[in-house]
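So the chains spell out like this:
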Amino acid sequence: MSTSNQAPPARRGRPPGTSARALELISLRLFTEHGFDDTTVERIAAAAGVSRRTFFRYFDSKTDVLWHAFDGEVRRLRDAFAQVPAQVPMMDAIRQVVVGANRYRAEDVPELRTRMNLIGSVPALQASAAHHYDAWERAVSEFAAGRLGQPAESLYPLAIGRATLAVCRSAYDRWVERADADLTAYLDQALRALAEGFDAGRPACRPADGLNPPMA
């Protein structure tokens, strides 16, 4: 019987594993440290201890890494809309579902801000936004279409989806800029204002909440 203390030779097999989430976190760190343009897929893969091919099993490009969480939100929206009771008014349902899909733990906020700042400042990410925003908008439009009994591509459902996306993007931008309150507070106020038609006689929020009431 051998008494050697040498470690057994490494076995060949599958390469080291990872996950989309692990690659996302590593990518965010590298984008912050080195800039988006100067961070290559090869650098991300090396930091994760995996091959370039493994990276592409999870993402089509480094741009897609930053949209990973957003695309997950679209799936959550669709799932939540499917569970809304029929008696909940349409705009109330949209507000509740959107706000619910954007509840984050306090420890997740710095990461979310980093992602939003990158998306808002990197031209390559801005150029890729249309496809992802369109999917988010369609999730709302299709829910509205079902409630209205109209085709999803008809005017009212499209207008509701696009208007909802617009006020939510405004809420995100205000939240990122001010960094002083829960994101859901901004979303809730913006969506209440949308549901009320931005009626100057019934402001949906207070100035202290981050959104100025409409001028009479």
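Nothing here was measured: the structure is a model prediction, and the numbers come from that model.

## Details of the side chain of S128
Inspection of the secondary structure assignment puts S128 in the loop between α7 (123–127) and α8 (129–148). For S128, a relative accessible area of 19% translates into the label buried. One polar contact links S128 to W67, side chain to side chain, over a distance of 2.8 Å.

## Quick notes on the environment of F59
Counting through the fold element by element, F59 comes out in the loop between α3 (52–58) and α4 (62–81). Residue F59 is classed as buried on the basis of its relative accessible area of 4%. Residues F59 and L23 lie 36 residues apart in sequence; the distance between their C-alpha atoms is 9.3 Å. Sequence-distant contacts of F59, defined by excluding residues within four places in its chain, comprise A20, L23, D64, V65 and H68.

## Quick word on the confidence of the model for the chain
Per-chain confidence: the chain averages 84 in pLDDT, with 84% of residues scoring 70 or above. Confidence over residues 1–15 falls short of pLDDT 50; this stretch has zero contacts with residues more than four positions distant or in other chains.

## Quick look at the packing of α8 against helix α9 (residues 155–178)
Contact geometry for α8 and α9: axes closest at 7 Å, N-to-C directions at 135°. Accordingly, the angle class assigned to the pair α8 and α9 is oblique. When you trace α8 past α9, the crossing you get is right-handed. Facing α8, whose interface residues are Y133, W136, E137, V140, S141, A144, A145 and L148, α9 presents Y156, P157, L158, I160, G161, R162, T164, L165, C168 and R169. Here the residues of the contact of α8 with α9 are counted per class, giving 12 nonpolar, three polar and three charged.

## Brief notes about the nonpolar core
Counting residues in hydrophobic clusters, the biggest one holds 57 residues, and the most contacted among them are L77, I94 and W136. The contact partners of W136, leaving out residues within four places of it in the chain, are F70, E73, V74, L77, V98, T164, L165 and C168.

## Focus: the packing of aromatic side chains
For the coordinates displayed, the defined rule picks out seven aromatic pairs. Seen from their ring centres, F55 and F56 are 5.3 Å apart, and the 90° between their planes marks the pair as edge-to-face. For F56, a relative accessible area of 33% gives the class partly exposed. In this structure an aromatic cluster arises from ring pairing among F55, F56 and F59. Directly above the aromatic system of F36 lies the positively charged group of K62, at a separation of 4.5 Å from the ring centroid. Directly above the ring of W175 sits R113, whose terminal nitrogen or CZ lies 3.9 Å from the centroid.

What counts and how
Residues numbered from 1 in each chain as written. Predicted model: local features only at pLDDT ≥ 70, side-chain atom pairs only at ≥ 80, totals over all residues. Heavy atoms only, no water. Helix = DSSP H or I, 4+ residues; strand = E, 2+ residues; numbered from the N terminus. Buried < 20%, exposed > 50% of the residue type's maximum accessible area, 1.4 Å probe, protein only. Polar contact = N/O pair within 3.5 Å; in protein donor to acceptor, adjacent residues only side chain to side chain. Contact = heavy atoms within 4.5 Å. pLDDT = per-residue confidence, 0-100. Axes fitted to C-alpha atoms, helices over the stretch in contact; angles between N-to-C directions. Parallel < 35°, antiparallel > 145°, perpendicular 65-115°, else oblique. Left-handed = near helix turned anticlockwise from the far one by under 90°. Nonpolar A, V, L, I, M, F, W, Y, C, P; charged D, E, K, R; others polar. Core = buried A, V, L, I, M, F, W, Y, C linked by side-chain atoms within 4.5 Å. Phe/Tyr/Trp six-rings, centres within 6.5 Å; stacked < 30°, edge-to-face > 60°. Lys NZ or Arg CZ within 6 Å of the ring centre and 35° of its normal.

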